[in-house]
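Fold and contact review
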Amino acid sequence: GAAQANTYNLGPLAEFPQSHDFLITHAPGDFKDFFYFDLDRPLRATNTAVSLNLRFNAGSNYNISALDIAFYDLSNTFYGIATGIGSPREAVLEQTLLPGEFYAAVSGFANGSAGGKYAYSIAAVPEPAQWLLMLLGLAAIGFAAKRRRR
């Protein structure tokens, strides 16, 4: 059958320390979830997906045996992929993106008797040059305030 799919429209991507956070559950089988977002200036988009492999007393469990994150723009230009490793599976993808509209595709295979569960988080982190400019601006404000007090 067809893969299970969810679509989430995030709008403008939240900037660090804020983030968009999700806990997603799928029935057993393939899945592919889409997270659409836009950027109004160049930023580093940081995604993390972690499988939650849980067992219950009744013998049922949640498990994900494969987990990937990929970035695309709306014309389906591919920007990068991260494959989840370890147990639980963890995939981390960071990509500097120019202003525009994009989506992250999280795909995998839920093979637990109850399906699979994963936690997903995405945020925008300013580039180091932007941090430097912000710090220089704060220093200039502090210097101006100190001169004005004299």
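Shown above is the structure to which this text applies.
Along each chain, numbering runs from 1 in the same order as the chain's sequence is written. Where totals are concerned, whole chains, interfaces and linings use all residues; where local detail is concerned, this predicted model gives features only for residues with pLDDT of at least 70, and gives and counts side-chain atom pairs only at 80 or more. Only heavy atoms go into the side-chain values, all of them from the structure, while hydrogens and water stay out.

Here the bond from Ser87 into Pro88 is cis, since omega is 5°, no more than 30 degrees from zero. Where helices and strands are cited, they refer to DSSP runs of H or I of at least four residues and of E of at least two residues respectively, numbered from the N terminus. Of note, Pro88 is situated in the loop between strand 8 (78-83) and strand 9 (90-97). Backbone geometry at Asn76 places phi at a positive 65°, although glycine is not the residue there.

Attention now moves to the nonpolar core. We define the nonpolar core as a collection of buried residues of types Ala, Val, Leu, Ile, Met, Phe, Trp, Tyr and Cys that are connected through side-chain atoms lying within 4.5 Å of one another. Type-normalised accessible area, obtained with a 1.4 Å probe on protein chains alone, sets the label of each residue: buried when under 20%, exposed when over 50%, and partly exposed for intermediate values. Phe37, Tyr118 and Tyr120 are the most contacted members of the largest nonpolar core, which has 26 residues in total. Elements represented by at least two residues in this core include exactly strand 3 (29-39), strand 4 (43-51), strand 7 (64-73), strand 9, strand 10 (100-110) and strand 11 (116-125). It only takes one pair of heavy atoms within 4.5 Å for two residues to be counted as in contact. In this structure Tyr120 touches His20, Asp21, Phe22, Phe35, Asn47, Thr48, Ala49, Ile69, Ala104 and Val106, once residues within four positions along its chain are discounted. One finds Phe34, Tyr72, Tyr103 and Ala105 within the second-largest nonpolar core, a separate group that totals five residues.

This part is about the sheet that holds strand 10. For two strands to be treated as a pair, DSSP must find no fewer than two bridges joining them. Pairing in this open sheet of five strands is mixed, and the strands run 1-3-10-7-8 from one edge to the other. What marks the edges here is a single partner per strand, and that holds for strand 1 (4-12) and strand 8. Neighbour-to-neighbour, the strand axes of the sheet open up by a mean angle of 15°, direction not taken into account. Every axis in this analysis is a line fitted to C-alpha atoms, fitted for helices over the stretch in contact. Angles between the N-to-C directions lie between 0 and 180 degrees.

Our focus in this paragraph is the pattern of salt bridges. A pair is scored as a salt bridge if a Lys or Arg side-chain nitrogen falls within 4 Å of a carboxyl oxygen belonging to Asp or Glu. Per the stated rule, a full pass over the model turns up two salt bridges. Across the salt bridge formed by Glu94 and Arg44, the nearest N and O atoms sit 4.0 Å from each other. Within this pair, whereas Glu94 is found in strand 9, its partner Arg44 is found in strand 4, the two being separated by 50 residues in sequence.

Another point: the environment of Gly59. Mapped onto the fold, Gly59 is located in the loop between strand 5 (54-55) and strand 6 (61-62). The exposed category is assigned to Gly59, whose relative accessible area is 60%. Through-space distance from the C-alpha of Gly59 to that of Ser113 is 8.5 Å; in sequence the pair is 54 residues apart.

The next subject is the side chain of Lys117. Counting through the fold element by element, Lys117 comes out in strand 11. In this structure Lys117 is buried but unpaired, with Asp33 as the nearest side chain of opposite charge at 12 Å. Here the side chain of Lys117 touches Thr25 through a polar contact of 2.8 Å, side chain to side chain. Apart from residues lying up to four places away in sequence, Lys117 is in contact with Leu23, Ile24, Thr25, Val50, Ser51, Leu52, Leu54, Tyr62 and Ile64. As used throughout, the charge tally considers Lys and Arg to be positive and Asp and Glu to be negative, leaving His and the chain termini uncounted. We define a polar contact as two N or O atoms separated by no more than 3.5 Å, with the added condition that, inside protein, one atom must be a possible hydrogen donor and the other a possible acceptor, whereas residues neighbouring each other in sequence contribute only through side-chain atom pairs.

Taken together, four strands build an open sheet; the order of strands is 2-11-4-9 and the sheet is antiparallel. Whereas interior strands pair on both sides, the edge strands pair on one side only; in this sheet they are strand 2 (20-26) and strand 9. With direction set aside, neighbouring strand axes in the sheet form an average angle of 15°. Summarising the sheet, strand 4 and strand 9 pair through eight bridges and their orientation is antiparallel. Residue pairing in the sheet places Val50 in a bridge with Glu90 of strand 9.

On to the packing of aromatic side chains. Two aromatic rings, taken as a pair, are described by how far apart their centres are and by the angle between their planes. Only the six-membered ring of Trp is used, alongside the rings of Phe and Tyr, when aromatic pairs are assigned; centres must lie within 6.5 Å, and planes under 30 degrees apart are stacked while those over 60 apart are edge-to-face, with the rest tilted. Counting across every chain of the model gives 14 aromatic pairs. Consider the rings of Tyr8 and Phe35, whose centres lie 4.9 Å apart with planes at 10°: the pair is stacked. Taken together, the positions of Tyr8 in strand 1 and Phe35 in strand 3 put the pair 27 residues apart, joining distant regions of the chain. The exposure class of Phe35 is buried, given its relative accessible area of 0%. Where Phe56 meets Tyr62, the ring centres are 5.5 Å apart and the plane angle is 75°; that geometry is what we call edge-to-face. Residue class for Phe56 comes out partly exposed when judged on its relative accessible area of 39%. What makes Tyr62 buried here is its relative accessible area of 16%.

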